[in-house]
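Residue strings, one per chain:
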Amino acid sequence: MRRKQLYLDEETDRAFKRVAVRTGRSEAWHIREALRSYLGNEARTSADPLERLIGLVEDENGAKDMAVNHDHYLYGAPRDRS
């Protein structure tokens, strides 16, 4: 395991200590569980911009300049006019 440090305001710290005492679990355990939950949710909800390209290749009406202007289609960058 790696050691991390964080700062909590007084009210959050008190509430956090109460939860740890009430559950019989350490504060560190609760932090690890909260991070696992957050990271799991983040992985499920974060949209990969590449997923928007799926299916465009076989669409005969799809973009013909995908290779040149991929940043435009992925991130909304201006199209390359050269």
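Residues numbered from 1 in each chain as written. Predicted model: local features only at pLDDT ≥ 70, side-chain atom pairs only at ≥ 80, totals over all residues. Heavy atoms only, no water.

## A closer look at the overall build of the protein chain
Threshold: Numbered from the N terminus, helices here are DSSP runs of H or I no shorter than four residues, and strands are runs of E no shorter than two. A 1.4 Å probe rolled over the protein chains alone gives each residue an accessible area, and that area as a share of the maximum for its type sets the label: buried under 20%, exposed over 50%, partly exposed in between. Here, two residues are considered to be in contact whenever any of their heavy atoms come within 4.5 Å of each other. The Shrake-Rupley method, run with a 1.4 Å probe sphere, supplies the accessible areas, and residue values consider only the shown protein chains as cover.
The helix and strand tally for the protein chain stands at three helices and zero strands. When the helices and strands of the protein chain are listed from N to C terminus, the series reads α-α-α. Burial analysis of the protein chain (82 residues in total) assigns 9% to the buried set. Across the protein chain, contacts joining residues at least 24 apart in sequence account for 15% of those joining residues at least 6 apart. Within the structure as shown, the protein chain displays about 7600 Å² of accessible surface, and the carbon and sulfur contribution to it stands at 53%.

## Quick word on the pattern of salt bridges
Using the following cut-off: A side-chain nitrogen of Lys or Arg and a carboxyl oxygen of Asp or Glu constitute a salt bridge if their distance falls within 4 Å.
All chains considered together, the criterion is met by four salt bridges. With a shortest N-O distance of 2.5 Å, Arg 36 and Glu 33 are connected by a salt bridge. A residue pair is termed a helical-turn pair when its members lie 3 or 4 positions apart in one helix, as Arg 36 and Glu 33 do in helix α2 (residues 27–45) at three residues. For Arg 36, a relative accessible area of 49% gives the class partly exposed.

## Some details on the side chain of Asn 69
Test applied: Two N or O atoms form a polar contact when they lie within 3.5 Å of each other; inside protein one atom must be a possible hydrogen donor and the other a possible acceptor, and for residues adjacent in sequence the pair counts only when both atoms belong to side chains.
Summarising the element assignment, Asn 69 is placed in the loop between α2 and α3 (70–75). At 2.7 Å, the side chain of Asn 69 forms a polar contact with the side chain of Asp 65. Asn 69 has contacts with Arg 79 and Asp 80, leaving out every residue within four places of it along the chain.

## Thoughts on the layout of surface pockets
To keep it simple, the criterion reads: As defined here, a cavity is a set of points on a 1 Å grid over the protein atoms alone where a 1.4 Å probe fits but cannot get out. A pocket is an open set with protein on both sides within 12 Å along at least five of seven lines, and residues line them when an atom is within 4 Å of a point. Grid points are joined across faces, edges and corners, and a volume is the space filled by probe spheres set on the points. Any residue outside Ala, Val, Leu, Ile, Met, Phe, Trp, Tyr, Cys, Pro, Asp, Glu, Lys and Arg is labelled polar, Gly included; the first ten of those are nonpolar and the last four are charged.
Estimates place the volume of the largest pocket at around 340 Å³. If you trace the largest pocket, you find it lined by Met 1, Arg 2, Arg 3, Lys 4, Leu 6, Ala 28, Ile 31, Arg 32, Leu 35, Arg 36 and Leu 39. Grouping the amino acids of the lining of the largest pocket by side-chain chemistry returns six nonpolar, no polar and five charged.

## Considering the packing of aromatic side chains
Short version of the rule: Any Phe, Tyr or Trp ring, taking Trp's six-membered ring, that has another such ring centre within 6.5 Å forms a pair; planes under 30 degrees apart are called stacked, those over 60 apart edge-to-face, and the others tilted. Over a ring means this: the NZ of a Lys or the CZ of an Arg is within 6 Å of the ring centre and within 35 degrees of the ring normal.
Summed over the entire model, instances satisfying the criterion amount to zero aromatic pairs. Positioned above the aromatic ring of Trp 29 is the side chain of Arg 25, whose terminal nitrogen or guanidinium carbon lies 4.3 Å from the ring centre.

## Focus on a nonpolar patch on the surface
Let me state the cut-off plainly: In this analysis, a patch consists of residues with relative accessible area above 30% that form no salt bridge, clustered at 9 Å for like charges and at 5 Å for the nonpolar side chains Val, Leu, Ile, Met, Phe, Trp and Tyr.
Together, Leu 6, Leu 8, Ile 31, Leu 35, Tyr 38 and Leu 39 line one region of the surface with nonpolar side chains, adding up to about 560 Å² of accessible area. Mapping Leu 39 onto the fold places it in helix α2. Residue Leu 39 is classed as exposed on the basis of its relative accessible area, which comes to 52%.

## Some thoughts on helix α1 (residues 10–23)
Put simply, the rule is: Here a helix's expected span is defined as the number of its residues, less one, multiplied by 1.5 Å.
Taking 1.5 Å as the rise per residue, α1 with 14 residues should run 20 Å; its terminal C-alpha atoms sit 20 Å apart, in good agreement. Measuring from the side-chain oxygen of the N-cap residue of α1 to the backbone nitrogen of Glu 11 gives 3.2 Å; that N-cap residue is Asp 9. One or two positions beyond α1, positive phi appears at Gly 24, with a value near 75°.

Treat this as a map of the structure, not an account of what it does.
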